[in-house]
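Close look at the chain arrangement
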Amino acid sequence: MSNTPVVQIENLMKQFPVGGGYFTALKEINLQFETGEFSGLVGPSGSGKTTLLNQIGGLDSPSEGDVNVLSMDLVGATHNERAALRKEKMGFIFQSYNLLPVYTVFENVELPLILNKVDSKVRKELVEQAVEWVGLTDKLGSRPSQLSGGECQRTAIARAIVHKPRLVLADEPTANLDAKNSHQIMKILVNLNQELDTSFIFATHDEKIMEYLKRIIHLDDGQVTEDELIAQPKMS
Ligand SMILES: Nc1ncnc2c1ncn2[C@@H]1O[C@H](COP(=O)(O)OP(=O)(O)O)[C@@H](O)[C@H]1O
Ligand SMILES: [Mg+2]
């Protein structure tokens, strides 16, 4: 059912308790994402990008409204059901890479496959393929401390896509990288989007990322202010 939306958000509101009251971080969010999208949540710091990405990842629950991801109603689902959805069908990329320092590139990328109980021979093939996609075949045995920032993020990308997820969420993936590495990362991600038909949702305020996006959803003060389809994104 590839015409079912990958993500459907209805009347989402999110409040956090602060002091004696509440701070409303997201309000009246209605959004839909389709298969194969390459979209970004864009807005100033504090506009609610990470809060919204966490809602889509089922990492936090809404105060009001509904979030449906890959045909699962996240509000009605149990903690374990949401965890299984993340493990099996989603990938995550963070600003800070979140690699395990004592593990090699191979072992870091292998981790999602171990969690998904993939057989070791298939694991090896999938890891080698993912690492080749990000151009790190010669670093399979290296540990994160022996890699540059760009290489760490490429390792994290391989880990995010090794199990061929349906949806990848990337929160400020280039925030710690220089321009050259940022462009390299975005080119890799555009190619993966096209090869794997994986949907990507970014949270960013980096102009270098925005050039590649096919859809830009502007957030301000917890609300969508503009939902823009880009006619000619870079590399499309
Ligand atoms: N757990 C929390 N408790 C209280 N306030 C929060 C919490 N998480 C986020 N916020 C607030 O919600 C707003 C949006 O935060 P965030 O989604 O992290 O913004 P962005 O990712 O766009 O920079 C900010 O004002 C932030 O301080
Ligand atoms: Mg953020």
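For the structure, see preceding data.
Residues numbered from 1 in each chain as written. Chains lettered and ligands numbered in written order. Predicted model: local features only at pLDDT ≥ 70, side-chain atom pairs only at ≥ 80, totals over all residues.

What to know about the overall build of the chain
Condition: Starting at the N terminus, helices and strands are each numbered in turn, a helix being any DSSP run of H or I of at least four residues and a strand any DSSP run of E of at least two. Atoms considered for the radius of gyration are the C-alpha atoms alone. The globule rule reads 2.2 Å times the number of residues to the power 0.38. We call a residue exposed when 12 or fewer other C-beta atoms sit within 10 Å of its C-beta, buried when the count reaches 20 or more, and partly exposed for counts in between; the C-beta positions come from the backbone. We call two residues in contact when the distance between their C-beta atoms, placed using the backbone, is within 7 Å.
Per the secondary structure count, the chain includes 7 helices and 10 strands. The C-alpha radius of gyration computed for the chain amounts to 18 Å, which stays within 12% of the reference 18 Å derived for 236 residues, consistent with globular compactness. For the chain, the spread of C-alpha atoms along the three principal axes comes to 50 × 40 × 40 Å. Expressed as a percentage of the 236 residues in the chain, the buried residues total 39%. A separation threshold of at least 6 residues defines the contact pool for the chain, and within that pool the share at least 24 residues apart is 69%.

Overview of the site of ligand 1
To be explicit about the condition: The criterion for a residue being near a molecule or strand is simple: its C-beta atom, placed using the backbone, must lie within 6 Å of it. Here the term charged refers only to Asp, Glu, Lys and Arg, the term nonpolar to Ala, Val, Leu, Ile, Met, Phe, Trp, Tyr, Cys and Pro, and the term polar to all other amino acids, Gly among them.
Near ligand 1 lie 13 residues; those nearest to it are F16, A25, K49, T50 and T51. When residues of the shell around ligand 1 are traced back to their parent elements, those giving at least two are β1 (7–18), β2 (21–33) and α1 (49–56). Of all the elements, α1 adds the most residues to the shell around ligand 1, at 3 residues. Residue composition of the shell around ligand 1, by class: 5 nonpolar, 7 polar and 1 charged.

Considering unusual backbone geometry
In the Ramachandran plot, N98 falls in the positive-phi region, its phi being about 55° despite a non-glycine side chain. Relative to the helices and strands, N98 resides in the loop between β6 (90–94) and α3 (105–115). Positive phi, close to 50°, is recorded for K164, a residue that is not glycine.

Digging into the sheet that holds β6
Using the following cut-off: Here, strands pair whenever DSSP counts at least two bridges between them. Orientation is described by axes fitted as lines to C-alpha atoms, over the contacting stretch for helices, and by angles from 0 to 180 degrees between their N-to-C directions.
Taken in spatial order, the 6 strands line up as β6-β7-β8-β3-β9-β10 in an open sheet, and their pairing is mixed. Each of the sheet's edge strands pairs with one partner strand only, and the pair in question is β6 and β10 (223–229). On average, each strand axis in the sheet is tilted by 15° relative to the strand beside it, whichever way the strands run. Across the sheet, α1 is in contact with β3 (38–42), β7 (167–171), β8 (199–204) and β9 (215–220); its angle to β8 comes to roughly 155°.

Focus: the environment of L169
Relative to the elements of secondary structure, L169 occurs in strand β7. For the pair L169 and F200, spaced 31 residues apart in sequence, the C-alpha to C-alpha distance is 6.0 Å. Beyond its immediate chain neighbours, meaning those up to four positions away, L169 contacts L53, I56, G57, M90, F92 and I201.

Things to note about the sheet that holds β2
Read across the open sheet, the 4 strands follow the order β2-β1-β4-β5; overall the sheet is antiparallel. At either end of the open sheet lies a strand with only one pairing partner, and these are β2 and β5 (72–73). Of the pairings in the sheet, the one linking β1 to strand β4 (residues 64–69) comprises 5 bridges and is antiparallel in character. Counted as the bridge partner of I9 is V67 from β4.

Focus on the nonpolar core
Defined as follows: Put simply, a nonpolar core is buried Ala, Val, Leu, Ile, Met, Phe, Trp, Tyr and Cys residues tied into one set by C-beta atoms within 7 Å.
Core analysis: the biggest nonpolar cluster contains 58 residues, and L41, A130 and A158 have the highest contact counts within it. Considering each element in turn, this core owes the most residues, 6 residues, to helix α5 (residues 149–161). With near-sequence residues (within four places) excluded, A158 lies in contact with V109, A130, V131, W133, V134 and L136.

Quick word on the environment of L31
You can see L31 is positioned in strand β2. We classify L31 as partly exposed; it has 19 C-beta atoms within 10 Å. Taking the C-alpha atoms as reference, L31 lies 6.0 Å from Q8; in sequence the two are 23 residues apart. Discounting residues that sit within four places of it in the chain, L31 has contacts with I9, I217 and V224.

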